[in-house]
Amino acid sequence: MDQERLDELTEMRFRHFEGFSSAMIESQQEMMQILTENTRQLARLEQRVGNLEKRMDKVEQLLTFALDDLAFIKNHLNRHT
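Residues numbered from 1 in each chain as written. Predicted model: local features only at pLDDT ≥ 70, side-chain atom pairs only at ≥ 80, totals over all residues. Heavy atoms only, no water.

## So, the overall build of the chain
Inference 1: Across its full length, the chain carries one helix and zero strands.
Inference 2: Each principal axis of the C-alpha atoms in the chain carries an extent, and together these give about 115 × 15 × 5 Å.
Inference 3: Put simply, the chain has 81 residues, and 0% of those count as buried.
Inference 4: Total accessible area computed for the chain in this model is approximately 8200 Å², and 60% of it derives from carbon and sulfur atoms. (Helix = DSSP H or I, 4+ residues; strand = E, 2+ residues; numbered from the N terminus. Buried < 20%, exposed > 50% of the residue type's maximum accessible area, 1.4 Å probe, protein only. Areas by Shrake-Rupley, 256 points an atom, 1.4 Å probe, with all protein chains shown as cover.)

Here it is as structure tokens:
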């Protein structure tokens with residue numbers, strides 16, 4: 001009878017371990033899916049930031065040109081007054 005009880009306990013432990021292992025694997029799969037989606041979103045965000053940086057560089061360049069033109073006009077007007 002003791003052996004039968006030990007066999008039952010061993011079977012229960014095995015089933016518990018099996019369920020625990022399955023739950024861990026499912027949890028890791030869910031985490032991988034979340035990480036994959038977050039990686040995709042991060043890549044999109046990085047691309048948007050890169051595009052924004054390019055636009056800001058262009059705006060900076062245009063402002064520099066505008067300020068250079070205004071300085072030239074100011075200098076020209078100061079010579080004639």
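So much for the structure itself; the text now carries on.
## Some thoughts on the pattern of salt bridges
Inference 1: Evaluated as defined, the whole model comprises three salt bridges.
Inference 2: One salt bridge in this structure joins Arg-15 and Glu-11, with 2.8 Å as the shortest N-O distance. Residue Arg-15 and its partner Glu-11 are located together in helix H1 (residues 2-79), separated by four residues, close to a single helical turn.
Inference 3: For Arg-15, a relative accessible area of 52% translates into the label exposed.
Inference 4: A relative accessible area of 36% places Glu-11 in the partly exposed class.
Inference 5: Of the charged contacts in the structure, one is a salt bridge between Glu-37 and Arg-40, with a shortest N-O distance of 3.5 Å. Here Arg-40 and Glu-37 lie together in helix H1, a separation of three residues that amounts to about one turn. (Salt bridge = Lys/Arg side-chain N within 4 Å of Asp/Glu carboxyl O.)

## A look at a nonpolar patch on the surface
Inference 1: Judged by side-chain polarity, Leu-67, Leu-70, Phe-72, Ile-73 and Leu-77 come together as a nonpolar surface patch covering roughly 550 Å² of accessible area.
Inference 2: Of the residues examined, Phe-72 reaches a relative accessible area of 59% and is grouped as exposed. (Patch = residues over 30% accessible without salt bridge, like charges linked within 9 Å, V, L, I, M, F, W, Y side chains within 5 Å.)

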